[in-house]
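Each chain is listed here by its residues.
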Amino acid sequence: MKPSSMLQFAIKPVALLALTLSITIFTIFFSTPSQSAIASSSMASRSFILWLHGLGDSGPANEPIKSVFTSRQLANTRWSFPSAPFQPVTCNNGAKMPSWFDIPEIPITANSPVDESSLLKAVQSVHSMIDKELAAGTDPKNVFLCGFSQGGALTLASTLLYPKTLGGGAVFSGWVPFNSTSSIIEQITAEAKRTPILWSHGTADGTVLFEAGQAGPPFLQQLGMNCEFKAYPGLGHAINNQELNHVESWINSRLQSSS
């Protein structure tokens, strides 16, 4: 499909020490906000969207995503695109690369091993970002976490372990980054369980297998949580315009009024 009609966040394999890794690349066309959108900005609720990138990627490389979100409801939204630290990654033979937490193996299946200790350190970092935003006056129910691949797994964990109900967590091509019998589950509060989750996954994903995504909703339902799962036929390890348009509508429907 032509770039002018589709924003594609595709994952290119990168040969590194005989292993295949993934980084996000994209082509995007910026649009100028309409005068009506600018005029309505003072009426929109203050909101915050935290976007977490995938393994080997960076925050700045994902910033053009926000130009796709043009609805007036998001006129007062503050976006944040943090970058993961450089650290050794097991699936990369221990070589350093941008990574939120350690990943033992790729491709990731529904039964892949996890590293909960490094995951929890990353969760603490995300929670600090949320705390800072709430201290600035944003309603927690207007805080939305979104993440792709490893960032999607971190989005899920950070949402589940945050002690307050947030606006929502959007997982793109992610997975459940801890075991179903993990003691981490005991830390999930009743307030956190009220945070809605949107899960989007391509059926042709060869990096985080579709089965890994499918394992998410049953896990969340066992916790008594609301999860909307959307499968995208033929989509690989990538994000397309259809997913982004849907998450924008999903966020808009959950924003709390400033009145």
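One numbering rule holds for all chains: residues counted from 1, following each sequence as written. Whole-chain, interface and lining totals are the exception, using all residues; otherwise, since this is a predicted model, local features are given only for residues with pLDDT of at least 70 and side-chain atom pairs are given and counted only at 80 or more. Remark: hydrogens and water are excluded; side-chain values derive from all non-hydrogen atoms of the structure.

A. Just the overall build of the protein, in detail. The way it works is that DSSP assigns letters per residue, a run of H or I at least four long becomes a helix, a run of E at least two long becomes a strand, and they are numbered from the N terminus. Counting its secondary structure elements, the protein contains six helices and ten strands. Looking at the protein as a whole, 52% of its 259 residues qualify as buried. By definition in these notes, contact holds between two residues if any of their heavy atoms fall within 4.5 Å. Sequence-distant contacts in the protein: of pairs separated by 6 or more residues, those separated by 24 or more amount to 73%. For the area figures, the Shrake-Rupley method with a 1.4 Å probe applies, and any residue is considered shielded solely by the protein chains shown. A total of about 11,400 Å² of accessible surface is found on the protein, and carbon and sulfur atoms cover 52% of it. Each residue is placed in one exposure class: buried if its accessible area under a 1.4 Å probe, protein chains only, is under 20% of its type's maximum, exposed if it is over 50%, and partly exposed if it falls in between.

B. How the structure looks around the nonpolar core. Among the buried residues, those of types Ala, Val, Leu, Ile, Met, Phe, Trp, Tyr and Cys that are joined through side-chain atoms within 4.5 Å form a nonpolar core. Grouped together as the largest cluster of nonpolar side chains are 45 residues, with contacts concentrated most on Leu154, Phe178 and Leu220. Listed by contribution, the elements that provide at least two residues to this core are strand E3 (47–52), helix H2 (116–135), strand E7 (143–148), helix H3 (150–161), strand E9 (197–202) and helix H5 (216–222). Ignoring any residue separated from it by four or fewer positions in sequence, one finds Leu220 in contact with Leu156, Leu160, Ile197, Trp199, Met225 and Cys227. Counting residues in each nonpolar core, the second largest holds 20 residues, with Trp79, Phe81, Cys146 and Ala170 among its members.

C. Representation of the environment of Val123 within the structure. Along the chain, the position of Val123 falls in helix H2. A relative accessible area of 3% places Val123 in the buried class. C-alpha separation for the pair Val123 and Ser158, spaced 35 residues apart in sequence, amounts to 5.1 Å.

D. Structural detail: H3. Each residue after the first adds 1.5 Å to the expected span of a helix. The end-to-end C-alpha distance of H3 is 17 Å, a good match for the 16 Å that twelve residues give at a rise of 1.5 Å each. Listed as buried for H3 are Gln150, Gly151, Gly152, Ala153, Leu154, Thr155, Leu156, Ala157, Ser158, Thr159, Leu160 and Leu161. For H3, the elements touching its buried residues are E3, H2, E7, strand E8 (168–172), E9 and H5.

E. Spotlight on the pairing of E9. The element E9 is largely enclosed, with a buried count of six among its six residues. On E9, burial covers both faces: Ile197, Trp199 and His201 on one face and Leu198, Ser200 and Gly202 on the other are all buried. Across four bridges, E8 lies against E9 in parallel orientation. Opposite Gly169, over in E9, you have Ile197 as the bridge partner. Across six bridges, the pairing between E9 and strand E10 (residues 227–232) is parallel. Along E10, the bridge assignment pairs Trp199 with Phe229. Strand pairing is defined by DSSP finding a minimum of two bridges between the two strands.

F. Representation of H2. An ideal rise of 1.5 Å per residue puts 28 Å on 20 residues; H2 measures up with 28 Å between its terminal C-alpha atoms. Along H2, the positions that sit buried rather than exposed are Ser118, Leu119, Ala122, Val123, Val126, His127, Ile130, Glu133 and Leu134. Those residues of H2 hidden inside the fold are in contact with E3, strand E4 (77–80), E7 and H3. Phi turns positive one or two residues past the end of H2, at Gly137, with a value near 110 degrees.

G. Structural detail: the pattern of salt bridges. Salt bridges are defined as contacts in which a side-chain nitrogen from Lys or Arg sits within 4 Å of a carboxyl oxygen from Asp or Glu. Scanning the entire structure with this criterion turns up two salt bridges. The partner of Arg46 in a salt bridge is Glu133, and the shortest N-O contact between them spans 3.2 Å. Residue Arg46 is located in the loop between helix H1 (35–39) and E3, and its partner Glu133 is located in helix H2; the two are separated by 87 residues in the primary sequence. A relative accessible area of 2% means that Glu133 is categorised as buried. One network of salt bridges, with partners in common, ties together Arg46, Arg78 and Glu133.

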